[in-house]
Amino acid sequence: MQLQFQMAKNIPGADYCPGSPKSVRIVVLGDKGTGKSSLIVAAATDSFPPNVPPVLPDTKLPIEFFPDGIPVTIVDTSSRPEDRDRVAEEVRHADAVVLTYACDRSETLERLSTYWLPELRRLEVKVPIIVAGCKLDFRENNNQVSLEQVMSPIMQQFREIETCIECSALKQLQAQEVFYYAQKTVLHPTAPLFDQESQALKPRCVRALKRIFILCDHDRDGALSEAELNDFQVKCFHAPLQPSEIEGVKRVVQEKLPEGVNERGLTVTGFLFLHALFIEKGRLETTWTVLRKFGYNNDIRLAEELLPPSLFKRMPDQSVELTNVAIEFLKGMYMLFDDDEDNNLRPQEIEDLFSTAPESPWKEAPYEDAAEKTALGGLSFDAFLSLWSLMTLLEPARSVENLIYIGFPGDPASAIRFTRRRRLDRKKQQSERKFFQCFVFGPNNAGKSALLNCYLGRSYADNQGSTTDERYAVNMVDESGGAKKTLIMREIPEDGVQGLFSSKESLAACDIAVFVYDSSDESSFKRATELLVEVATYAEATGYEVPCLMVSAKDDLDSFPISIQESTRVTQDMGIEPPVSISSKLGDFNNLFRKILTAAQHPHLSIPETEAGKSRKHYNRLMNRSLMAVSIGAAAVVVGLAAYRVYATRKSSSA
């Protein structure tokens with residue numbers, strides 16, 4: 001098959017791609033006397049050493065040793081029981097493990113399954129394992145058992161073994177091949193690509209190859225033409241295909257899979273079939289070269305080099321928002337996948353949108369139930385954009401990564417912007433953010449979860465009861481002028497408050513805090529007041545003061561005696577607005593969400609002051625006045641001395 005051979009022979013050795021390992025570290029394990037050290041020396045020097053120390057120092061193979069041009073370090077290990085901890089530490093830093101036994105000593109073979117392989121499992125080693133049968137030259141001629149017969153039962157039990165090979169350091173037989181295969185399992189591993197049991201490409205591999213196909217399908221007609229196939233070939237393998245080779249490829253695909261080719265060229269089904277064929281024939285380097293060229297690492301995710309952590313570095317009180325460029329792109333993608341144009345992206349359409357990502361990012365907390373759903377269980381464009389804004393706030397790297405997966409064509413840095421620091425917003429007395437984050441505090445059963453449910457257009461009774469985990473709800477809120485802002489509500493369970501305070505910067509990301517209490521329960525009000533004081537005290541201590549509002553929930557029930565007087569007194573004492581009364585049951589929210597948004601947009605107002613904070617402020621004022629008085633007094637003394645000197649000088653000169 002011509003395409004396969006063309007791809008394989010045109011893989012550039014030193015052509016490094018993002019996602020490729022920069023080096024390979026191979027650790028050699030095995031019982032004493034199985035030939036570990038001799039194997040390493042024989043592979044590195046092409047000679048058999050007569051005298052070898054018990055444990056070799058790390059052996060670095062030259063870059064040109066293997067065709068991939070990736071430096072390899074081989075680590076020898078001790079077999080002594082007292083060195084187990086050190087060996088375990090070496091294994092934890094390994095990219096691959098070579099496990100040795102002696103072909104002439106059956107007990108060392110048995111020890112693979114009774115000790116070494118279980119021990120590697122106990123250490124939770126997740127790297128490829130190569131089993132090497134050493135001292136092949138010592139095996140008796142009358143004991144010619146095939147390697148497959150010997151290893152098949154062990155490989156069935158321990159599927160982490162990638163391959164087995166017999167070798168002889170003395171005869172220079174396949175010593176280098178042991179480490180070549182070990183290196184190959186690191187650079188071109190089978191496990192991420194192919195399921196051996198089902199004999200099929202793994203889902204994440206399919207998704208990545210589908211994305212690559214779409215990127216190469218320049219005219220978006222669902223097939224790779226001859227020109228597009230050649231562009232793909234040149235990008236990945238630096239050489240074009242001849243017309244006869246392209247026809248050969250199409251013929252092979254059409255014979256096995258008629259739908260893999262149409263009149264326009266190679267379809268995505270045919271493209272996937274080709275890669276499955278490469279892998280089945282042992283040409284994993286072909287598929288890996290393609291994946292590397294498009295930025296994928298061994299986990300079939302975009303390599304860190306494409307999304308460096310420095311891209312997302314910011315101050316604790318800065319947020320990350322989508323830029324207008326990213327929002328316009330998302331708007332276009334929404335319209336593309338909303339087939340019936342009903343402003344309702346159905347669950348299957350969302351799956352289709354993320355079919356080129358490793359997985360759908362919104363199938364798990366905190367995103368799964370964080371946005372308002374349509375009657376058909378889908379997302380309106382506002383809900384879709386809100387959910388993406390939430391992901392950008394919480395996991396900006398993941399947000400940008402998924403933008404790239406679904407086809408964002410620009411520089412990753414152009415997709416996001418950092419907001420102005422909240423501390424500066426307070427000084428400027430305004431905020432220019434597109435979205436705001438509200439922390440929702442309150443005692444158990446105060447109505448926090450009901451508030452978030454209603455914010456998302458759900459029944460207040462959905463998942464009724466106390467929430468023990470943090471939860472997010474995100475939606476658009478209409479401003480008075482008709483514009484919209486995104487408001488993210490983060491519910492903090494009562495028993496999660498102290499955990500929140502474990503970090504000095506826990507309030508840095510908060511634009512406004514809301515304290516919910518049950519208006520019919522005096523103890524609920526008292527606990528909400530305590531939480532308000534705790535948060536305000538912590539904010540004063542850390543310098544991340546936030547506007548606060550109290551919310552009197554369950555207004556449909558009778559209030560506890562002197563409820564209004566008590567709540568008014570507390571809020572007045574702390575310098576914030578009176579509580580906002582709501583009833584989730586009756587759907588009466590008294591413009592609460594707009595009030596939250598307005599307070600967040602004026603970060604210098606509604607900031608509570610504790611008694612300690614007031615005392616500190618009063619003390620600072622007194623100190624400032626005292627310093628001012630001292631300064632004025634000192635200035636008067638200086639002026640007086642200057643005047644006296646002038647007077648004395650004049651008197652002296654007149655005399």
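Predicted model, so just to flag it, every value in this text is computed and none were measured. Residue positions are counted from 1 within each chain, in the order its sequence is given. Totals for whole chains, interfaces and linings use all residues, but because this is a predicted model, local features are given only for residues with pLDDT of at least 70 and pairs of side-chain atoms are given and counted only at 80 or more. Note: side-chain values were computed over all heavy atoms of the structure, leaving out hydrogens and water.

**Student:** Quick rundown of the sheet that holds strand β3 (residues 72–75)? Include the residues and the values.
**Tutor:** Two strands qualify as a pair provided DSSP detects at least 2 bridges between them. Secondary structure follows DSSP: runs of H or I at least 4 residues long count as helices, runs of E at least 2 residues long count as strands, and numbering of each begins at the N terminus. If you trace the six strands from one edge of the open sheet to the other, you get β2-β3-β1-β4-β5-β6, paired in mixed fashion. The sheet is open, and its two edges are formed by β2 (59–61) and β6 (161–166), each paired on a single side. Adjacent strand axes in the sheet meet at a mean angle of 25 degrees, parallel and antiparallel pairs treated alike. Judged from the six bridges that link them, strand β4 (residues 96–102) and strand β5 (residues 129–134) form a sheet pairing that is parallel. Bridging from a neighbouring strand, tyrosine 101 pairs with glycine 133 of β5. A contact between two residues is defined here by any heavy atoms of the two lying within 4.5 Å. Only the stretch in contact is used when a helix axis is fitted, and all axes are lines through C-alpha atoms; the angle between N-to-C directions ranges over 0 to 180 degrees. Strands in contact with helix α2 (residues 36–45) are β1 (24–30), β2, β3, β4 and β5; relative to β1, the strand with the most contacts, it is inclined by about 145 degrees. Across the sheet, helix α5 (residues 147–157) lies against β4, β5 and β6, angled at about 155 degrees from β6, the strand it touches most.

**Student:** Give me helix α3 (residues 84–92): which residues, what numbers.
**Tutor:** Within α3, the full set of buried residues consists of Val87, Ala88, Glu90 and Val91. For α3, the buried positions fall inside an angular range of 160 degrees around the axis, keeping them on one side. Within α3, the exposed residues directed more than 90 degrees away from the buried face are Asp85, Arg86 and Arg92. Lining the buried residues of α3 we find β1, β3 and α4 (106–122). Think of it in three bands: residues with accessible area under 20% of the maximum for their type are buried, residues over 50% are exposed, and the middle band is partly exposed, with areas taken using a 1.4 Å probe on protein chains only. Think of the arc as the fan of directions from the helix axis to the C-beta atoms.

**Student:** Account for unusual backbone geometry, naming residues and giving values.
**Tutor:** The phi angle of most residues is negative, glycine excepted, and most peptide bonds adopt the trans form. Here alanine 365 and proline 366 are connected by a cis peptide whose omega angle stands at 5 degrees. Relative to the assigned elements, proline 366 resides in the loop between α13 (347–353) and α14 (381–394).

**Student:** Before we move on, could you go through the packing of α4 against α5 and cite the residues and values that matter?
**Tutor:** In the contact formed by α4 and α5, the axes pass within 11 Å of each other and the chain directions differ by 20 degrees. As far as their axial angle goes, α5 and α4 are roughly parallel. Both α4 and α5 take part in a crossing whose hand is right-handed. Every residue of α5 that contacts α4 at Leu109, Ser113, Leu117 and Arg121 is listed here: Val150, Met151, Ile154 and Gln157. Note that Gly is not counted as nonpolar here; it falls among the polar residues with everything else outside the nonpolar set of Ala, Val, Leu, Ile, Met, Phe, Trp, Tyr, Cys and Pro and the charged set of Asp, Glu, Lys and Arg. Tallied by class, residues from the contact of α4 with α5 come to five nonpolar, two polar and one charged. Orientation labels follow simple angle bins: below 35 degrees gives roughly parallel, above 145 gives roughly antiparallel, 65 to 115 gives roughly perpendicular, and whatever is left gives oblique. The handedness criterion is simple: a crossing whose near helix is rotated anticlockwise from the far helix by less than a right angle is left-handed, and one whose near helix is rotated clockwise is right-handed.

Structural measurements only, silent on function.
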